[in-house]
Amino acid sequence: MKSIFIDCNLGISGDMLASALFDLGVPQNVFLDNLTSLKIDKEYNLNFNKGESEGIKGIVCTKTKIQFEELSRSLNDIRNFLMGSSLNDYVKRKSIKVFEILAESEAIVHGTEISDVHFHELGSIDSIIDIVNVCSAIDFLKPDKIYCSNPAAGKGVVSTSHGLLPVPVPTVLEIAKQNKIPLMVFEDKYIGEITTPTGIALIATFSDQIGQQNNINIKKIGIGLGTKNISRPNFLRVLLLDNNDDYIENNNRLSYESIISQEAWIDDSTPEDIAILIERLRSAGAIDVICHSVDMKKNRKGISIKAIVHPDNKTLLREVWFNYSTTLGLREDKINRWILPRREVRHKTKFGEITFKQAIRPNGRILTKIDHKDLAQISLEKGISIEEIRQNLLLELSEFYEFEDWPY
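Numbers given to residues run from 1 along each chain, matching the order in which its sequence is written. With pLDDT at 70 or above as the cut-off, local features in this predicted model cover only qualifying residues; side-chain atom pairs require 80 or more to be listed or tallied, and sums for whole chains, interfaces and linings still use all residues. Calculation of side-chain values draws on the structure's entire complement of heavy atoms; hydrogens and water are dropped beforehand.

(A) View of the pattern of salt bridges. For this document, the term salt bridge refers to a Lys or Arg side-chain nitrogen within 4 Å of an Asp or Glu carboxyl oxygen. For the structure shown, the criterion picks out 13 salt bridges. Glu-353 is the salt-bridge partner of Arg-346, the closest N and O atoms lying 3.2 Å from each other. With a 1.4 Å probe rolled over the protein chains alone, any residue whose accessible area is under 20% of its type maximum counts as buried; one over 50% counts as exposed, and the rest are partly exposed. By relative accessible area, which is 47% here, Arg-346 ends up partly exposed. Each of the salt bridges in this network shares a partner with another, and the network as a whole consists of Arg-346, Glu-353 and Asp-374.

Rendered as structure tokens:
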């Protein structure tokens, strides 16, 4: 399993990202083939050269420009241009998606319909090539997941076809808002744009998660340099990660994941209310919920309730805490855990269909636990003790391995 982390704390643009992906190991012919697929004039040269920015070495993308008849292009013009090329379906689809994100945001900013949006700088051949290059590089690498840091906001003003605009420009802000991408503000001597509309649209298209990962196993680093001299290092990093999140060790199949711990101490609810809250937390998707007594202020007896939840479910669980308990606050921590491969199986036995759980230890031993509800039901129907039924079933199930359907 491999993942990509795009570190754009200092800014991002299409050509910087393409350069970093080239430095990461994407062959140059992947990019050059795009020029042929797009039927770009043979006089147009695209090069990735070694360079440096304030002492930081990396790759800079240079284009030997020729005189194109650069017209403003609508989304439909660009879609037809890309669909009429010989790019593969993935690159076409993703490139069009980037322009759709740009067009939707431009339409909101200018108060027009998407069909009325006409790209000026963003519709240039250079911009199209930058976007296609990134999409084809991602297609070549085929990462399982793509993570991205918070892109830099920048400050000041920038000159555009609409005149002077504040930084971040309205399109960047709108893409960030629509796609819930937090922009990072930091003290910077440079005044100007450092996260471009193309750059943030690429993040919105490809990023599976925004934010730094806790555990990263770095295989390779790609550095893409910007072309502006901004009196500080101007670069973007792309990290190729091995076995990043939810990774499985090959030698013993253990699964590793990050989860969220949520906890509150409550001293003004009845035991009946606490029981209902715990049931609500479980019903809302908590992995598990525990509680125990604690001594609180003024020597009052209280209950500590802790739920562990998957990150995707933490917001929903917060609503349960605050809507259905008396707590005024909630402690939340990110924790990590190792998990044995396991599954739940429904299987026919001499006692009828039963449900049981299985797990595999690192030494290969299979653990089997039969659902207690089924054991109780069989015991009532057959007039046999639960322990006797359990021993009979475990003996019968000892040959049930079937490794194919283990989820992890």
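Here the narrative resumes.
(B) The sheet that holds strand 14 (residues 301-309), seen in detail. Taken in spatial order, the four strands make up an open sheet running 13-14-12-15, and their pairing is antiparallel. Here the strands that pair on one side only, and so sit at the sheet edges, are strand 13 (288-295) and strand 15 (331-339). Each strand axis lies, on average, 25° off the axis of its neighbour in the sheet, ignoring direction. Paired strands are those between which DSSP finds at least two bridges. Secondary structure follows DSSP: runs of H or I at least 4 residues long count as helices, runs of E at least 2 residues long count as strands, and numbering of each begins at the N terminus. Across nine bridges, the pairing between strand 12 (residues 255-266) and strand 15 is antiparallel. Residue Glu-257 lies in a different strand from strand 15, and its bridge partner there is Arg-337. Interaxial angle, 0 to 180 degrees, is taken between N-to-C directions of lines fitted to C-alpha atoms, where a helix line uses only the stretch in contact.

(C) Representation of the packing of helix 4 (residues 89-110) against helix 7 (residues 197-206). Helix 7 packs onto helix 4 with a crossing angle of 120° between their chain directions and a minimal axis gap of 9 Å. The orientation of helix 4 with respect to helix 7, classified from their angle, is oblique. Viewed along their axes, helix 4 and helix 7 form a crossing whose handedness is right-handed. For the pair helix 4 and helix 7, contact is made by Tyr-90, Lys-94, Lys-97, Val-98, Ile-101 and Leu-102 and by Pro-197, Thr-198, Ala-201, Leu-202, Ala-204, Thr-205 and Phe-206, respectively. Classification used: nonpolar for Ala, Val, Leu, Ile, Met, Phe, Trp, Tyr, Cys and Pro, charged for Asp, Glu, Lys and Arg, polar for all others including Gly. Among the residues making up the contact of helix 4 with helix 7, the classes are represented as nine nonpolar, two polar and two charged. With respect to orientation, any angle under 35 degrees is reported as roughly parallel, any angle over 145 as roughly antiparallel, any angle of 65 to 115 as roughly perpendicular, and every other angle as oblique. The hand of a helix crossing depends on one turn: near helix anticlockwise from the far one by less than a right angle means left-handed, and clockwise means right-handed. Residues are treated as being in contact if the distance between any of their heavy atoms lies within 4.5 Å.

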